[in-house]
Amino acid sequence: SEPGPCLIYQEPGLAARAVRDYLTDDVSEIWVDDETTAAQISETIPLIFPRRTGKNLLRAYHDPQTSMWEHFNLLGQINELYSREVTLPSGGRLVFDQTEALMAIDINSGRSAGKSNFEAMALRTNLEAAEAIARQIRLRDIGGQIVIDFIEMHDRNHWRDVEKVIRTAMKNDRARNDLGRISA
């Protein structure tokens, strides 16, 4: 109904696109340090997600001494995405090696190694690594063949425990995935 030339469609701004693309049921809060952006987001949420309206998702960050990036250690997390190694809270490490055909992820026990009960240490580190790997796959946008070299465990029940943790953690990934079983 408009005379040409005229604007037919305009993609929303970055904040509205981020809300549209990434707001899922597992997101409990959105932090914003700019009032204009906060206004855009507060207008977008009821339009795209009416059932999330009124749940107080949007939080304003106001601290003149520390930026939001520093407060949430965002730069450190971004640097971790580009690092070959990721340190686990228990002291173990994930090592990522990209080849032409696949991504190889190796779990090293690091300083979490326990001489007294190796099997318990291996299980604890592998469980921690399984959750961290699922998160890193999402954040790094890793696709294709992924081979994970868990620390060797002799108890097959421990294998199933690790498989269950990684399957549960991978359910949060919107990309389709097919997980195999741990092999000897």
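Refer to the preceding data block for the structure.
Summary of the structure given here. (Residues numbered from 1 in each chain as written. Predicted model: local features only at pLDDT ≥ 70, side-chain atom pairs only at ≥ 80, totals over all residues. Heavy atoms only, no water.)

### As for the sheet that holds strand β5 (residues 102–108)
At step 1: The four strands are arranged β3-β4-β5-β6 in an open sheet whose pairing can be described as mixed. Each of the sheet's edge strands pairs with one partner strand only, and the pair in question is β3 (85–87) and β6 (145–149). Within the sheet, the average angular offset between the axes of one strand and its neighbour, ignoring direction, is 15°.
At step 2: Where β5 lies against β6, five bridges are found, and the strand directions are parallel. Its bridge partner being in β6, Met-103 is matched across the sheet by Ile-146.
At step 3: Against the sheet, helix α5 (residues 118–140) contacts β3, β4 (93–98), β5 and β6, and its axis sits at roughly 150° relative to β5. (Pairing = 2+ DSSP bridges. Helix = DSSP H or I, 4+ residues; strand = E, 2+ residues; numbered from the N terminus. Axes fitted to C-alpha atoms, helices over the stretch in contact; angles between N-to-C directions. Contact = heavy atoms within 4.5 Å.)

### Describing α5
Note that an α-helix has 3.6 residues per turn; residues three or four places apart therefore point the same way.
At step 1: The terminal C-alpha atoms of α5, which comprises 23 residues, lie 31 Å apart, in line with the 33 Å expected from a rise of 1.5 Å per residue.
At step 2: Phi for Asp-141, located one or two positions after α5, is positive at around 55°. (Expected span 1.5 Å × (residues − 1).)

### What about the nonpolar core?
At step 1: With 25 residues, the main nonpolar core has Leu-94, Phe-96, Ile-107, Ile-133, Phe-150, Met-153 and Val-162 as its most contacted residues.
At step 2: Mapped by element, the contributors of at least two residues to this core are β4, β5, α5 and α6 (156–170).
At step 3: The biggest single contributor to this core is α5, with eight residues.
At step 4: In this view, Phe-96 contacts Arg-84, Val-86, Met-103, Ala-104, Ile-105, Gln-136, Arg-140 and Ile-142; residues no more than four positions away in its chain are not counted.
At step 5: Core analysis: the next-biggest nonpolar cluster, separate from the first, contains nine residues, Val-19, Leu-23, Ile-30 and Val-32 among them. (Core = buried A, V, L, I, M, F, W, Y, C linked by side-chain atoms within 4.5 Å. Buried < 20%, exposed > 50% of the residue type's maximum accessible area, 1.4 Å probe, protein only.)

### As for the pairing of β4
At step 1: Bridging between β3 and β4 involves three bridges; their strand directions are antiparallel. Within β4, the position partnered with Val-86 by the bridge is Leu-94.
At step 2: Following β3, the chain reverses through five residues before pairing antiparallel with β4; Gly-91 in that reversal takes a positive phi of roughly 110°.
At step 3: As judged from the six bridges shared by β4 and β5, these two strands associate in the antiparallel manner. Opposite Val-95, over in β5, you have Asp-106 as the bridge partner.
At step 4: Between the end of β4 and the start of β5, which pair antiparallel, lie three residues.

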